[in-house]
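Here are the chains, one letter per residue:
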Amino acid sequence: MSEIRDLLRARAQNLLESNTVATVIGWEAGRFENQTTPCIIRDSSQADRLVFNDYCVNTLAKYALDYKDRGKVAVVTRGCESRAVNRMIEDGQLSRDDVYLLGVSCSGMKDRDTGDKLSKCRSCRHHDPVIYDEMLTENSPGVVAEPRFANVDEIELLSREERATYFDDLFKKCMRCYACRDVCPCCTCRTCFVDARQTGWQGKQNNLSENRFYGLTRAFHIADRCIECGECERVCPMGLPLMKLNRKLIKDMNDLFGAFESGMDTGQTDVLRNYRLDDIEEFM
């Protein structure tokens, strides 16, 4: 991976010196050897801060929203970043001209505590970027992903009462820190419903009812836009299996409307936000 690191440093320096971009977003070394943190570079002399190793766990694309108004932003782009960029373009948060995508292949990142492959990477189906401006590496060798809906099958085997208990136990643990919302490339509303002050919106109490309302509302809000990057689950300080809920909704939509994956391009139809006058509507 040192070869990829050197390529990233060289390209970042060149892009900044030539004023092709105003900002480069990648990763830099953290305090410990098995830790990295997102890195924002605006001066070519700082390009040697960039790293690429087994612990580059953060998905970077959403950081581009904070810097796009200062000029074009270069983003180190794997499969997850590329799908996030497509999603934010489709949602009107970015334009394609806002970003310069430095494509790199990725066979999966490691948990810094255990050294095992991250859960979100074990289920990743796209280790190469689906969109990029230049590709700095060869495509990754075929990596076999875990079955996409394996965890969903576990939930569906539960009875209705057992399923309700399962999700109640999940939401009881939620501390409403909103880390899942803040990291999600689909959560880009100017004012989130949880921050609304009007009576009748999300309450500010931390209890099962309010936590359930938050979790389910957010899940349905992003259901047909989720790119399955797993960042919400990765950053949750309570270790909640949030992707089980997300993938349950995705599986149901696949069954109802046909197979799809969000973020694969910018011309997709979001099945829950569109309708046709000739829809059969057998459920009504």
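Residues numbered from 1 in each chain as written. Predicted model: local features only at pLDDT ≥ 70, side-chain atom pairs only at ≥ 80, totals over all residues. Heavy atoms only, no water.

Q: Describe the packing of aromatic side chains, listing the residues and the values that go with them.
A: Summed over the entire model, instances satisfying the criterion amount to 6 aromatic pairs. Where Tyr178 meets Tyr214, the ring centres are 5.0 Å apart and the plane angle is 70 degrees; that geometry is what we call edge-to-face. Here Tyr214 lies in helix H7 (residues 208-222) and Tyr178 lies in the loop between helix H5 (160-173) and helix H6 (179-183), a separation of 36 residues in the sequence. Ring centres of Phe193 and Phe213 lie 6.0 Å apart, and the angle between their planes is 80 degrees; on these two criteria the pair is classed as edge-to-face. Taken together, the residues span a long stretch of sequence, with Phe193 in the loop between H6 and H7 and Phe213 in helix H7 at a distance of 20 residues. When its relative accessible area of 41% is taken as the criterion, Phe213 is described as partly exposed. An aromatic cluster is present here, built from Tyr178, Phe193, Phe213 and Tyr214 joined pairwise through their rings. (Phe/Tyr/Trp six-rings, centres within 6.5 Å; stacked < 30°, edge-to-face > 60°. Helix = DSSP H or I, 4+ residues; strand = E, 2+ residues; numbered from the N terminus. Buried < 20%, exposed > 50% of the residue type's maximum accessible area, 1.4 Å probe, protein only.)

Q: Just give me the short version of the side chain of Glu134, but keep the residues and values in it.
A: In this structure, Glu134 sits in strand S6 (residues 134-135). Setting aside chain neighbours within four positions, we find Glu134 in contact with Arg11, Tyr100, Leu101, Leu102 and Gly103. (Contact = heavy atoms within 4.5 Å.)

Q: Can you explain the environment of Ala22? Please cite residues and give values.
A: For Ala22, the location among the structural elements is in the loop between helix H1 (2-17) and strand S1 (23-29). When the C-alpha atoms of Ala22 and Gln46 are compared, they prove to be 13 Å apart, with 24 residues separating the residues in sequence.

Q: Give me the lowdown on the state of the cysteines, citing residues and values where you can.
A: Throughout the structure, instances matching the rule amount to 0 disulfides. Here Cys124 is not disulfide-linked; the sulfur of Cys80 is the nearest cysteine sulfur, at 6.5 Å. Unpaired in terms of disulfides, Cys177 finds its nearest cysteine sulfur in Cys236, a separation of 6.3 Å. The class for Cys177 is partly exposed, based on a relative accessible area of 37%. (Disulfide = S-S within 2.5 Å.)

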